[in-house]
Amino acid sequence: HRPGGRIDFANVSFAYEGAAGEPVLKQINLTCLPGETVGIIGSTGSGKSSLVSLVPRFYDASSGEIRVDGVNIRQLDPAKLRDRIAIVPQNTILFSGTIEENLHWGNEHATREEIEQAATMAQAHSFIVGFPEGYGTRLGQKGVNLSGGQKQRLSIARALVRKPDILILDDCTSALDTATETEIKKSLKVFASGVTCLIIAQRITSVMDADKIVVMDDGEIVGIGTHEMLLESCKVYVEICQS
Ligand code: DUT
């Protein structure tokens, strides 16, 4: 696997157009090293999703600069940039079609073996093969009904099929029990060890073992460090742990 991308945020501020110009991100400085797992935590509305949405240029920063592997992302071809990044959104989007077609989406060239590997990493393979039609099982109106957690696992598998250099999980494990989430993280560590992972989470347990955790509060980064470091140094983090 290619080494994951390095991401640098340098003095990044961002305001949504029309939102009275009020910045939702203020003076963000953050480096994510290739292959690093970076947890992002903070209360609702603190700016976590906005922060990650700037990386594939869903929006552009109002000021400051974001670099991927040292190059300002505004100077990169957007299609090539997005090709290196997979985002698993908060709300899973699956379409009517088979499970295999859904997992292929975004990478038509993937082989069946690669699809099964990705599904195994995302803890989805065993429930898929439990259906009489396996990967050919139809989803949607005339198909099977999946639980919220099963949908999230398919959504993660789909992102892994794309073999990204940068993987962004935006609060997409909320419907999974902690044991399943832990299994997914374990296999990511082994099979996607070169991939730079940004993991937005509500639960501390989701990010506790990340290489570093970023704590956001009202559009600002108020702490960066390991779980132990933040327990010592970051009041907001301690409050999140206690809530
Ligand atoms: N916001 C907008 N327009 C958008 C998205 C968000 O004005 O299209 C505002 C809402 C909020 C701020 O930006 O005041 C930050 O939102 P974001 O979704 O980035 O915060 P979060 O930390 O990801 O919240 P949550 O945990 O609820 O997803």
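For the structure, check the block above.
Rules of the game
Residues numbered from 1 in each chain as written. Predicted model: local features only at pLDDT ≥ 70, side-chain atom pairs only at ≥ 80, totals over all residues. Heavy atoms only, no water. Near = heavy atom within 4 Å. Polar contact = N/O pair within 3.5 Å; in protein donor to acceptor, adjacent residues only side chain to side chain. Areas by Shrake-Rupley, 256 points an atom, 1.4 Å probe, with all protein chains shown as cover. Salt bridge = Lys/Arg side-chain N within 4 Å of Asp/Glu carboxyl O. Helix = DSSP H or I, 4+ residues; strand = E, 2+ residues; numbered from the N terminus. Buried < 20%, exposed > 50% of the residue type's maximum accessible area, 1.4 Å probe, protein only. Contact = heavy atoms within 4.5 Å. Core = buried A, V, L, I, M, F, W, Y, C linked by side-chain atoms within 4.5 Å. Phe/Tyr/Trp six-rings, centres within 6.5 Å; stacked < 30°, edge-to-face > 60°. Expected span 1.5 Å × (residues − 1). Pairing = 2+ DSSP bridges.

**Student:** Just checking my understanding: could you explain the site of the ligand for this structure?
**Tutor:** Surrounding the ligand, one finds 13 residues, the nearest of these being Thr44, Gly45, Lys48, Ser49 and Ser50. Here an oxygen atom of the ligand sits 3.1 Å away from a polar atom, N or O, in the main chain of serine 46. One of the side-chain N or O atoms of lysine 48 is found 2.8 Å from an oxygen atom in the ligand. In the complex, the protein chains occlude 63% of the 600 Å² of accessible area that the ligand would expose alone.

**Student:** Whenever I open this one, the pattern of salt bridges confuses me. Can you help?
**Tutor:** Side chains that differ in charge, positive against negative, can pair when their charged atoms come close. Across all of its chains, the model carries 14 salt bridges by this definition. Across the pair arginine 57 and aspartate 60 runs a salt bridge whose closest N-O atoms are separated by 2.8 Å. If you follow the salt bridges from partner to partner, you end up with Asp69, Arg84 and Asp165 in one network.

**Student:** Is there a simple way to think about the environment of serine 13 in this case?
**Tutor:** Mapped onto the fold, serine 13 is located in strand S1 (residues 7-14). For serine 13, a relative accessible area of 13% puts it in the buried group. Distance from serine 13 to alanine 122, taken between C-alpha atoms, is 34 Å for residues 109 residues apart in sequence. Each residue touching serine 13, except ones within four places of it in the same chain, is listed here: Leu25, Lys26, Gln27, Ala61, Ser62 and Ser63.

**Student:** Is there a simple way to think about the nonpolar core in this case?
**Tutor:** In terms of nonpolar packing, the biggest core is built from 44 residues, with Leu103, Ile128, Leu154 and Leu167 touching the most fellow members. Leave out the neighbours within four places in its chain, and isoleucine 128 touches Ile99, Leu103, Ala119, Gly134, Tyr135 and Leu154. In terms of nonpolar packing, the next biggest core, distinct from the first, is built from 26 residues, Leu30, Leu54, Leu81 and Ile85 among them.

**Student:** Mind showing me how you'd approach the packing of aromatic side chains here?
**Tutor:** Note on aromatic pairs: each is described by the distance of the centres and the angle between the planes. Under the criterion given, the structure shown has four aromatic pairs. An angle of 85° between the planes, with centres 5.0 Å apart, marks the rings of tyrosine 16 and tyrosine 59 as edge-to-face. Of this pair, tyrosine 16 sits in the loop between S1 and strand S2 (25-32) while tyrosine 59 sits in the loop between helix H1 (48-53) and strand S4 (63-68); the two residues are 43 residues apart in sequence, bridging distant segments of the chain. Here tyrosine 16 falls in the partly exposed class, since its relative accessible area comes to 26%. A relative accessible area of 39% places tyrosine 59 in the partly exposed class. Centroid distance phenylalanine 127 to phenylalanine 131: 6.2 Å. Interplanar angle 85°. Geometry classified as edge-to-face. Relative accessible area serves as the criterion here: at 12%, phenylalanine 127 is assigned to the buried category. Within the aromatic cluster, the residues linked to one another by ring pairs are Phe14, Tyr16 and Tyr59.

**Student:** Looking at this model, I keep getting lost on helix H6 (residues 148-161). Mind explaining?
**Tutor:** Because each turn of an α-helix spans 3.6 residues, side chains separated by three or four positions end up pointing in the same direction. The end-to-end C-alpha distance of H6, which contains 14 residues, comes to 20 Å, matching closely the 20 Å that a straight helix rising 1.5 Å per residue would cover. Of all the 14 residues making up H6, 12 are buried; the element is thus mostly covered by neighbouring parts of the structure. Looking one or two residues beyond H6, the residue adopting positive phi is lysine 163, at roughly 50°.

**Student:** Teacher, can you tell me more about unusual backbone geometry here?
**Tutor:** Glycine aside, a negative phi is what most residues show, and trans is what most peptide bonds show. Of note in the backbone geometry, asparagine 11 takes a positive phi value of approximately 50° without being a glycine. Relative to the assigned elements, asparagine 11 resides in strand S1. A positive phi is found at aspartate 69, a non-glycine position, where the angle reads about 50°. By secondary structure assignment, the location of aspartate 69 is in the loop between S4 and strand S5 (71-72).

**Student:** In this structure, what is going on with the pairing of strand S11 (residues 212-217)? I would like to understand it.
**Tutor:** Working note: regular strand, side chains alternate between the two faces of the sheet. Most of S11 is tucked away: five of the six residues are buried. Bridge count for strand S3 (residues 37-42) against S11 is five bridges, and the pairing is parallel. The partner of isoleucine 41 across the bridge, within S11, is valine 215. As judged from the five bridges shared by S11 and strand S12 (residues 220-225), these two strands associate in the antiparallel manner. From the neighbouring strand, aspartate 217 faces S12, where its bridge partner is glutamate 220. Counting the residues that bridge the hairpin from S11 to S12 gives two residues, and of these aspartate 218 lies at a positive phi of roughly 50°.

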